[in-house]
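Next come the chains, spelled out residue by residue.
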Amino acid sequence: MTFAEAGVSVLGLDAIQSKVDAVNAGTSYIEDVPSERLGPLVADGTIRATTAWDEVRAADAVIICLPTPLTGHREPDLSAVLGASESLAERLRPGHLVVLESTTYPGTTRDEVAPVLERSGLRAGRDFHLAFSPERVDPGRTDWTTATTPKVIGGLTPECTRRAMDLYGLACETLVPVSSPEVAELTKLLENIFRSVNIALVNELAMLCDRMNIDVWDVIDAAATKPFGYMPFRPGPGLGGHCIPIDPFYLTWKAREFDLHTEFIELAGKVNSQMPEFCVSKVVRALNSRRRALNGSRVLVIGVAYKANVNDMRESPALRIVELLRAEGGNVEYHDPFVPSLPKLGLSSIPLTPDSAREFDVVVVVTAHDGIDWQMIADSATLIVDLRNAIPSTDGKVWRL
Ligand SMILES: NC(=O)c1ccc[n+]([C@@H]2O[C@H](COP(=O)([O-])OP(=O)(O)OC[C@H]3O[C@@H](n4cnc5c(N)ncnc54)[C@H](O)[C@@H]3O)[C@@H](O)[C@H]2O)c1
């Protein structure tokens with residue numbers, strides 16, 4: 001979208017025909033890209049999509065933004081990136097610029113992607129150009145866009161970096177050239193690990209504050225008044241999305257090759273992954289204060305997406321929370337304007353009204369989407385466990401994380 005809006009002709013290649021058809025019909029399947037923004041660019045021919053690899057021959061530059069998940073054994077799964085690199089190698093031509101944007105461990109571009117592309121008989125850095133440039137989008141965010149977020153770029157050679165800068169300079173306002181693809185790859189991991197570790201720090205503090213009967217949210221707000229040397233992170237029910245819970249383990253895996261255990265990453269993962277259990281224990285205690293057991297209680301979960309204002313359910317801690325509540329006999333329903341149903345759990349979002357909120361033994365706020373009437377919930381629910389500091393009330397019926 002950002003390239004097309006800068007007037008660059010864009011071809012999108014995907015393995016899934018229905019996505020290609022949707023784009024060619026001017027219909028966006030990505031939540032924070034409205035069809036009204038996509039449609040005109042498709043209509044005037046600036047954006048087109050295809051499943052046909054042969055079409056990449058005509059492109060001047062190829063940007064790879066494929067998924068980089070973990071395998072069942074929590075090891076990097078580069079199969080999509082390397083499979084695409086093989087398909088690309090068969091069509092590579094002299095002068096092509098190839099940029100990898102998928103989040104990955106340092107060394108992927110040089111040691112994994114380049115050798116596959118060189119099966120074409122062409123040499124990286126000599127016959128074609130190769131660089132890494134991390135994707136830094138934060139879905140749902142509007143104050144920083146792909147065009148305005150500085151773009152880090154590391155080429156295999158200085159000429160590769162320069163060529164990649166020429167490309168991104170067409171659409172991005174600020175370019176940040178770095179000395180190698182490895183620096184660019186590790187930059188992205190540092191950014192995500194920084195978030196994971198700092199979220200774990202405040203999650204641990206939230207568990208301590210719970211025991212000490214101190215309001216962790218007040219502590220964080222007060223600390224955030226320091227104008228230097230501090231940046232606020234908020235506790236929550238655990239990490240979600242496909243980046244923060246996954247990407248740091250790309251580095252853990254790579255570090256083992258160098259006989260180093262990345263303890264901060266492991267520790268943060270451990271602390272963050274125990275948050276759903278802690279949050280459910282809080283629900284149990286809240287019900288207990290009313291002489292009720294979770295077993296048999298009606299529980300309304302508000303917000304199940306992994307973060308506010310998106311419909312993304314990947315790795316959402318809400319799923320684990322619902323499972324744990326059910327395992328203890330809770331009768332769980334949920335409300336989420338962004339997620340109409342959870343087929344795996346056999347649940348559909350229920351309407352939220354003062355009457356429906358009142359019917360439940362406890363309301364658990366897991367994700368605080370904008371537009372939910374928190375005051376109405378504060379007024380009508382009988383007992384609330386607020387994991388996001390969303391409820392504007394300090395009434396005794398509100399249990400805050
Ligand atoms: N989405 C984000 O907010 C975000 C932010 C920063 C970094 N990233 C990184 O960007 C990369 C891509 O993430 P995403 O969220 O766009 O992933 P995604 O799961 O949405 O996948 C992107 C597309 O790749 C297609 N695809 C999968 N395998 C394919 C193949 N072999 N050939 C052709 N198409 C194929 C899928 O159909 C999908 O449309 C990941 O490395 C991710 O970590 C994503």
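Residues numbered from 1 in each chain as written. Predicted model: local features only at pLDDT ≥ 70, side-chain atom pairs only at ≥ 80, totals over all residues. Heavy atoms only, no water.

## Considerations on helix α6 (residues 158-168)
Right, on to step 1. Those residues of α6 that sit buried are Cys-160, Thr-161, Ala-164, Leu-167 and Tyr-168. Taken end-on, α6 shows its buried residues confined to a sector of 120°, consistent with a single buried face.
Right, on to step 2. At its buried positions, α6 is contacted by α1 (2-5), β3 (61-64), β4 (97-100), β5 (129-132), β6 (151-155) and β7 (175-177). (Buried < 20%, exposed > 50% of the residue type's maximum accessible area, 1.4 Å probe, protein only. Helix = DSSP H or I, 4+ residues; strand = E, 2+ residues; numbered from the N terminus. Arc of directions from axis to C-beta. Contact = heavy atoms within 4.5 Å.)

## Thoughts on the nonpolar core
Right, on to step 1. In terms of nonpolar packing, the biggest core is built from 47 residues, with Val-301, Val-304, Leu-325, Val-362, Val-364, Leu-387 and Leu-401 touching the most fellow members.
Right, on to step 2. At 7 residues, helix α11 (residues 275-289) tops the list of elements feeding residues into this core.
Right, on to step 3. Aside from chain neighbours lying at most four places away, what touches Val-301 is Val-322, Leu-325, Val-332, Glu-333, Tyr-334, His-335, Val-364 and Val-366.
Right, on to step 4. Of all hydrophobic cores here, the second largest spans 21 residues; its members include Leu-88, Leu-122, Leu-130 and Val-152. (Core = buried A, V, L, I, M, F, W, Y, C linked by side-chain atoms within 4.5 Å.)

## Things to note about the packing of helix α4 (residues 79-89) against helix α5 (residues 108-117)
Right, on to step 1. It is the contact of α4 with α5, at a shortest axis distance of 8 Å, that shows an interaxial angle of 30°. It follows from the interaxial angle that α4 and α5 lie roughly parallel. Viewed along their axes, α4 and α5 form a crossing whose handedness is right-handed. On the side of α4, the interface is formed by Val-81, Leu-82, Ser-85, Glu-86, Leu-88 and Ala-89, while α5 contributes Glu-112, Val-113, Val-116 and Leu-117.
Right, on to step 2. Residues belonging to the contact of α4 with α5 are distributed by class as follows: 7 nonpolar, 1 polar and 2 charged. (Axes fitted to C-alpha atoms, helices over the stretch in contact; angles between N-to-C directions. Parallel < 35°, antiparallel > 145°, perpendicular 65-115°, else oblique. Left-handed = near helix turned anticlockwise from the far one by under 90°. Nonpolar A, V, L, I, M, F, W, Y, C, P; charged D, E, K, R; others polar.)

## Digging into the sheet that holds strand β14 (residues 398-400)
Right, on to step 1. Read from one edge of the open sheet, 5 strands run β9-β8-β12-β13-β14, paired in parallel fashion. Each of the sheet's edge strands pairs with one partner strand only, and the pair in question is β9 (331-335) and β14. Put simply, the sheet's adjacent strands are angled 20° from each other on average, direction ignored.
Right, on to step 2. Pairing geometry for strand β13 (residues 384-386) and β14, over 3 bridges, is parallel. The residue of β14 that forms the bridge with Asp-386 is Arg-400. (Pairing = 2+ DSSP bridges.)

## Thoughts on the site of the ligand
Right, on to step 1. Taken together, 16 residues surround the ligand, and among them Asp-14, Lys-19, Thr-68, Thr-103 and Glu-135 come closest.
Right, on to step 2. Lys-19 places a polar side-chain atom, nitrogen or oxygen, 2.9 Å from an oxygen atom of the ligand.
Right, on to step 3. Contact distances for the ligand include 3.2 Å between an oxygen atom and a side-chain N or O atom of Glu-135.
Right, on to step 4. Alone, the ligand offers 820 Å² of accessible surface; in the complex the protein occludes 78% of this.
Right, on to step 5. The class makeup of the residues in the shell around the ligand is 7 nonpolar, 4 polar and 5 charged. (Near = heavy atom within 4 Å. Polar contact = N/O pair within 3.5 Å; in protein donor to acceptor, adjacent residues only side chain to side chain. Areas by Shrake-Rupley, 256 points an atom, 1.4 Å probe, with all protein chains shown as cover.)

## Side note on the side chain of Asp-127
Right, on to step 1. Looking at the secondary structure, you find Asp-127 in the loop between α5 and β5.
Right, on to step 2. A distance of 2.6 Å separates a polar atom in the side chain of Asp-127 from the backbone nitrogen of Arg-123.
Right, on to step 3. Not counting the four nearest positions on each side in its chain, Asp-127 is found in contact with Pro-94, Gly-95, Gly-121 and Leu-122.

## As for the side chain of Lys-188
Right, on to step 1. For Lys-188, the location among the structural elements is in helix α7 (residues 181-212).
Right, on to step 2. In this structure Lys-188 touches Thr-103, Pro-134, Glu-135 and Arg-136, once residues within four positions along its chain are discounted.

## Considering the pairing of β5
Right, on to step 1. Side-chain alternation along β5 places His-129 and Ala-131 on one buried face and Leu-130 and Phe-132 on a second face that is also buried.
Right, on to step 2. Across 4 bridges, β4 lies against β5 in parallel orientation. Bridging across to β5, Leu-97 finds its partner in His-129.
Right, on to step 3. Tracing the backbone out of β4, into α5 and back to the parallel element β5 gives a crossover that is right-handed.
Right, on to step 4. Two elements, β5 and β6, share 2 bridges in a ladder whose sense is antiparallel. Following the sheet pairing, Ala-131 is matched in β6 by Gly-155. (Right-handed = clockwise from strand over helix to strand, strands pointing away.)

## Observations regarding the sheet that holds β3
Note on sheets: strands pair through backbone hydrogen bonds, and any given pair is parallel or antiparallel.
Right, on to step 1. Taken together, 5 strands build an open sheet; the order of strands is β3-β4-β5-β6-β7 and the sheet is mixed. Both outer strands of the open sheet, β3 and β7, are each paired with one neighbouring strand and no more. For this sheet the average axis-to-axis angle between neighbouring strands, irrespective of direction, equals 25°.
Right, on to step 2. In the packing of α5 onto the sheet, contacts are made with β4 and β5, and the angle to β5 comes to roughly 145°.
Right, on to step 3. Against the sheet, α7 engages β5 and β6, with an angle of about 145° to β6.

## What to know about the packing of aromatic side chains
Right, on to step 1. On inspection of all chains with the given rule, the structure shows 4 aromatic pairs.
Right, on to step 2. Taking the centre distance of 5.8 Å and the plane angle of 40° together, the rings of Phe-3 and Tyr-168 count as tilted. Here Tyr-168 lies in helix α6 and Phe-3 lies in helix α1, a separation of 165 residues in the sequence.
Right, on to step 3. Residue class for Phe-3 comes out buried when judged on its relative accessible area of 16%.
Right, on to step 4. Among the residues examined, Tyr-168 registers a relative accessible area of 1% and is labelled buried.
Right, on to step 5. Judged by centre distance (5.0 Å) and plane angle (45°), the ring pair of Tyr-105 and Trp-253 falls under tilted. (Phe/Tyr/Trp six-rings, centres within 6.5 Å; stacked < 30°, edge-to-face > 60°.)

## Notes on unusual backbone geometry
The bulk of non-glycine residues show a negative phi, and the bulk of peptide bonds are trans.
Right, on to step 1. Positive phi values are uncommon outside glycine, yet Asn-213 reaches one of about 60°.
Right, on to step 2. Accessibility expressed as a relative area gives 72% for Asn-213, which makes it exposed.
Right, on to step 3. If you check the backbone angles, Asn-389 has positive phi at about 55° while not being a glycine.
Right, on to step 4. With respect to the helices and strands, the residue Asn-389 is situated in the loop between β13 and β14.
Right, on to step 5. Judged by relative accessible area, which is 31%, Asn-389 ranks as partly exposed.

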